[in-house]
Amino acid sequence: MIVVLLGPPGAGKGTQGERIAAHLGVPKIATGDVLRAAVKAGTELGLEAKGFMDRGDLVPDAVILGIIKDALAQPAQAKGVILDGVVRTVPQAEGLAAVARELGKKVDVVLAFDIADDALIARLSGRTMCDVCQTPYTGKNRGEKCAKNDGGTLVRRRDDEPDAIRTRLKAYREQTAPVLDWYVAKGAQVAHLDAVGSVDDVLKRALTAVGR
Ligand code: AMP
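Computed from a prediction, not measured in an experiment: that's the story for all the values here. (Residues numbered from 1 in each chain as written. Predicted model: local features only at pLDDT ≥ 70, side-chain atom pairs only at ≥ 80, totals over all residues. Heavy atoms only, no water.)

Draft legend 1. The arrangement of the packing of aromatic side chains in detail. The full count for this structure, using the stated rule, is one aromatic pair. Both rings, one in Trp182 and one in Tyr183, keep their centres 5.0 Å apart while their planes meet at 80 degrees; by these two values the pair is edge-to-face. Across the pair, Tyr183 and Trp182 agree in class, each one buried. (Phe/Tyr/Trp six-rings, centres within 6.5 Å; stacked < 30°, edge-to-face > 60°. Buried < 20%, exposed > 50% of the residue type's maximum accessible area, 1.4 Å probe, protein only.)

Draft legend 2. Structural detail: the site of the ligand. The local shell around the ligand holds 16 residues, among which Thr31, Arg36, Asp57, Val86 and Arg88 are the closest. Asp57 places a polar main-chain atom, nitrogen or oxygen, 2.6 Å from an oxygen atom of the ligand. Against a free-state accessible area of 480 Å², the protein chains account for coverage of 95% of the ligand. No other element matches helix α2 (residues 31-41), which puts four residues into the shell around the ligand. Grouping the amino acids of the shell around the ligand by side-chain chemistry returns six nonpolar, four polar and six charged. (Near = heavy atom within 4 Å. Polar contact = N/O pair within 3.5 Å; in protein donor to acceptor, adjacent residues only side chain to side chain. Areas by Shrake-Rupley, 256 points an atom, 1.4 Å probe, with all protein chains shown as cover. Helix = DSSP H or I, 4+ residues; strand = E, 2+ residues; numbered from the N terminus. Nonpolar A, V, L, I, M, F, W, Y, C, P; charged D, E, K, R; others polar.)

Draft legend 3. Structural view of the pattern of salt bridges. Applying the stated criterion across every chain yields a total of 17 salt bridges. Asp117 is the salt-bridge partner of Arg173, the closest N and O atoms lying 2.6 Å from each other. Placement of Arg173 in helix α7 (residues 162-185) and of Asp117 in helix α6 (residues 117-125) is noted, with a sequence separation of 56 residues between them. Given the relative accessible area of 47%, Arg173 is considered partly exposed. You can call Asp117 partly exposed: its relative accessible area is 33%. For Glu144, the salt bridge goes to Lys140, with nearest N and O atoms at 3.8 Å. A residue is classified by how much of its surface remains accessible, and Glu144, at 30% relative accessible area, is partly exposed. Look at the salt bridges and you will find they share partners, linking Arg127, Arg157, Asp159, Asp160 and Arg168 into a network. (Salt bridge = Lys/Arg side-chain N within 4 Å of Asp/Glu carboxyl O.)

Draft legend 4. Structural detail: the pairing of strand β1 (residues 2-6). Counting buried positions over the five residues of β1 gives five, a clear majority of the element. Because side chains alternate across β1, one face comprises the buried residues Ile2, Val4 and Leu6, and the other comprises Val3 and Leu5, equally buried. Summarising the sheet, β1 and strand β4 (residues 107-114) pair through five bridges and their orientation is parallel. What sits directly across from Ile2, in β4, is Val107. (Pairing = 2+ DSSP bridges.)

Draft legend 5. Local environment of the sheet that holds β4. Taken in spatial order, the five strands make up an open sheet running β2-β3-β1-β4-β8, and their pairing is parallel. Each end of this open sheet is capped by a strand with a single partner; those strands are β2 (28-30) and β8 (190-194). Here the strands of the sheet are splayed against their neighbours by 20 degrees on average, with no regard to which way each runs. Where β4 meets β8, five bridges bridge the pair, whose relative direction is parallel. Of the residues in β8, the one forming a bridge with Phe113 is Leu193. Along the sheet, helix α1 (residues 13-24) contacts β1, β2, β3 (81-84) and β4; its crossing angle with β3, the most-contacted strand, is approximately 180 degrees. Along the sheet face, helix α8 (residues 199-209) touches β4 and β8 and points at about 170 degrees away from the line of β8. (Axes fitted to C-alpha atoms, helices over the stretch in contact; angles between N-to-C directions. Contact = heavy atoms within 4.5 Å.)

Draft legend 6. Here's a closer look at unusual backbone geometry. Located in the positive-phi region is Gln134, a residue other than glycine, with phi close to 70 degrees. Its relative accessible area of 18% is what places Gln134 among the buried residues.

Draft legend 7. Spotlight on helix α4 (residues 61-72). With 12 residues, α4 should cover 16 Å at 1.5 Å per step; its first-to-last C-alpha distance of 16 Å lies within 8% of that length. Considered for burial, the residues of α4 that qualify are Val63, Ile64, Ile67, Ile68, Ala71 and Leu72. All buried residues of α4 lie within an arc of 155 degrees about the axis, which places them on one face of the element. Seen from the open side of α4, the exposed residues pointing more than 90 degrees away from its buried face are Ala62 and Asp70. Looking at the buried residues of α4, the elements they touch are β2, α2, α3 (44-55), β3 and α5 (90-102). (Expected span 1.5 Å × (residues − 1). Arc of directions from axis to C-beta.)

Here it is as structure tokens:
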């Protein structure tokens with residue numbers, strides 16, 4: 001089962017994606033995590049992506065399509081995969097459909113996270129992340145230790161600074177929101193999710209939406 005999580009930054013795709021993946025017993029892939037790991041490791045991919053990410057701009061489609069191809073070909077994804085933030089433009093949606101088709105698969109469900117801008121801005125500006133394992137936190141301060149005891153310290157993502165947040169929301173509205181219309185036009189199963197509420201409540205809605 002391929003599940004695409006679509007929604008603006010800060011909507012909770014990462015948090016819910018982890019939980020949905022654990023519930024279904026399939027892996028989750030987040031292009032944001034892949035790119036941040038590449039930036040940290042200083043690879044060619046990381047060097048190419050860093051400037052775009054720091055500004056809050058989308059990384060070019062060709063780079064993302066390379067990641068999608070590699071990721072879907074992994075044997076771990078035989079049972080399915082949760083794609084978090086992986087599809088943010090119509091060409092990426094087309095590319096994913098083509099890669100899935102080659103593998104005899106298709107996108108089964110698109111989960112659209114609905115949330116208002118003021119709630120997003122409050123979430124993103126209050127968010128920190130472990131500098132080792134990338135686990136995101138809300139309600140914890142910079143400098144605190146990661147709860148996973150991996151020696152990590154909580155930092156603010158550079159793209160959670162106010163200027164970058166504005167750019168990311170603009171990119172979402174202009175480039176990612178049309179992806180939803182594209183899936184609807186293609187007859188995909190698109191389920192809307194009220195993304196405001198406790199983590200457990202939103203998870204229940206998400207599992208109902210994917211039929212579990
Ligand atoms: P995220 O962690 O999902 O908020 O992603 C962080 C940043 O990585 C985004 O603001 C983009 O710069 C980049 N990124 C992640 N996924 C994509 C994608 N599918 N297309 C383009 N850029 C992406």
